[in-house]
Amino acid sequence: MVLEKSTSKPVANAIVAIEGTTLAVKTDEEGIFRFKETIPNGEYVVSVAKPNYVTEYFLINSEEGKQIRVKKVKIGITKKEAARRRKFARDLAKKDAEKIKAARKKKEALDKKKQELKTKSNVHVIYDSVPIIKKPEVTSTATQRKYAEIIGVPADSLTNNELYEFIDEWMGVTYLMGGETKDGIDCSSFTQRLYTKVYDIYIERTAEKQYNSKYTDKFTVKENLREGDLMFFEGVGSKTNAITHVGMYLGNNKFVHSTSVRNGAEKGVKISDITHSFWNRRFVCGGRRIYTE
């Protein structure tokens, strides 16, 4: 298994090569590599390389009748990549801090205005008693009850019926890179269709473009996620350090997406949990779409 030194995350698509031979393999999404071919007897230098990482070397001694196992190989990122990541983290943190500061300033101004009005106001307000009208009981639909059980929330809290009808219509459709139909669909096409159908909002076609859109307000705190927010992930595919996957948050740590990752279940459109180690360590940020005319 190949891991990143600073984060201990699996490194996908690293090239593991036995120097002096033609043997070379790529790591999978879990950072695991295997040589299917028989390694000739002898002592060999093995290199582990990937763009934006410092190449790591180690020694093996191949003998007939023996299987070689390498538990962990940790590779570090380059100085340039480390600088890029620090800048990315700073930019997100700065944006979050600016929002918090603006919200606090607005609240302070409102509190000050309340205090002023308590002591001086030209408006006389009268409060009359009114009869309390009991709200009619809301009967949940079968679809609401079905997904409330999956998400782990009360059925009457799922008020967006159109959203869950859409999810139910697509649930179980297989994953297909570049796919846009019920014969197979990828992650960004699924979120694009969902936003168009449920929210009447057209969003970009790829996960990276949805992430980079000026209409996507990004934030890193998972606790701020709410129904309808996009969720962006890295390392789910061929480019470990790029945005390669997107889903949409539903509530109670659950999100819906079309994925090629099985994790013990069929790939395709399904509901996953952000607290699962696979998704948690690949989560980059949430993205709230800014609704414009």
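Everything here concerns the structure above.
My aim in this report is to walk through the structure given alongside it, one point at a time. This structure is a prediction, so every number in the text was calculated from the model and none was measured. (Residues numbered from 1 in each chain as written. Predicted model: local features only at pLDDT ≥ 70, side-chain atom pairs only at ≥ 80, totals over all residues. Heavy atoms only, no water.)

What follows deals with unusual backbone geometry. Here the phi dihedral of Asn 13 falls at roughly 60 degrees; this positive angle occurs in a residue that is not glycine. By relative accessible area, Asn 13 is classed as partly exposed at 21%. In this model, Asp 200 sits at a positive phi of 55 degrees, which is unusual for a non-glycine residue. Tracing the chain through its elements places Asp 200 in the loop between helix 4 (187-199) and helix 5 (207-212). (Buried < 20%, exposed > 50% of the residue type's maximum accessible area, 1.4 Å probe, protein only. Helix = DSSP H or I, 4+ residues; strand = E, 2+ residues; numbered from the N terminus.)

Structurally, Arg 281 can be placed in the loop between helix 6 (277-280) and strand 14 (283-289). Judged by relative accessible area, Arg 281 falls into the partly exposed class, the value being 25%. Counting along the chain gives 59 residues from Arg 281 to Lys 222, while the straight-line C-alpha distance between them is 12 Å. Apart from the residues lying within four places of it in its own chain, the contact partners of Arg 281 are Lys 9, Pro 10 and Glu 30. (Contact = heavy atoms within 4.5 Å.)

Our focus in this paragraph is helix 2 (residues 142-151). Residues of helix 2 that are buried: Thr 143, Gln 144, Tyr 147, Ala 148 and Ile 151. Looking down the long axis of helix 2, one finds its buried residues gathered within 125 degrees of arc, a one-sided arrangement. For helix 2, the exposed residues set more than 90 degrees away from the buried face come down to Ala 142 and Glu 149. Buried positions along helix 2 lie against helix 3 (161-170), strand 11 (243-251), strand 12 (254-259) and strand 13 (268-273). Looking one or two residues past helix 2, Gly 152 carries a phi angle of roughly 85 degrees, positive in sign. (Arc of directions from axis to C-beta.)

Turning to the sheet that holds strand 4 (residues 42-49), a few remarks are in order. Strand-to-strand pairing in sheets goes through backbone hydrogen bonds, with the strands running parallel or antiparallel. The antiparallel open sheet is built from 4 strands, whose spatial order is 3-2-4-5. Each end of this open sheet is capped by a strand with a single partner; those strands are strand 3 (24-26) and strand 5 (56-62). Neighbour to neighbour, the strand axes of the sheet diverge by 20 degrees on average, direction disregarded. Direction of pairing for strand 2 (residues 15-18) relative to strand 4: antiparallel, over a ladder of 4 bridges. (Pairing = 2+ DSSP bridges. Axes fitted to C-alpha atoms, helices over the stretch in contact; angles between N-to-C directions.)

Any two side chains of opposite charge can pair, given that their charged atoms come close. For the structure shown, the criterion picks out 17 salt bridges. Here Glu 169 makes a salt bridge to Lys 182, at a shortest N to O gap of 2.7 Å. Linking Glu 169 in helix 3 with Lys 182 in the loop between strand 7 (180-181) and strand 8 (184-185), this pair joins segments that are 13 residues apart in sequence. When its relative accessible area of 45% is taken as the criterion, Glu 169 is described as partly exposed. What emerges from the salt-bridge pattern is a single network uniting Glu 4, Glu 81, Arg 84 and Arg 85. (Salt bridge = Lys/Arg side-chain N within 4 Å of Asp/Glu carboxyl O.)

Interpretation in functional terms is not warranted from these geometric data alone.
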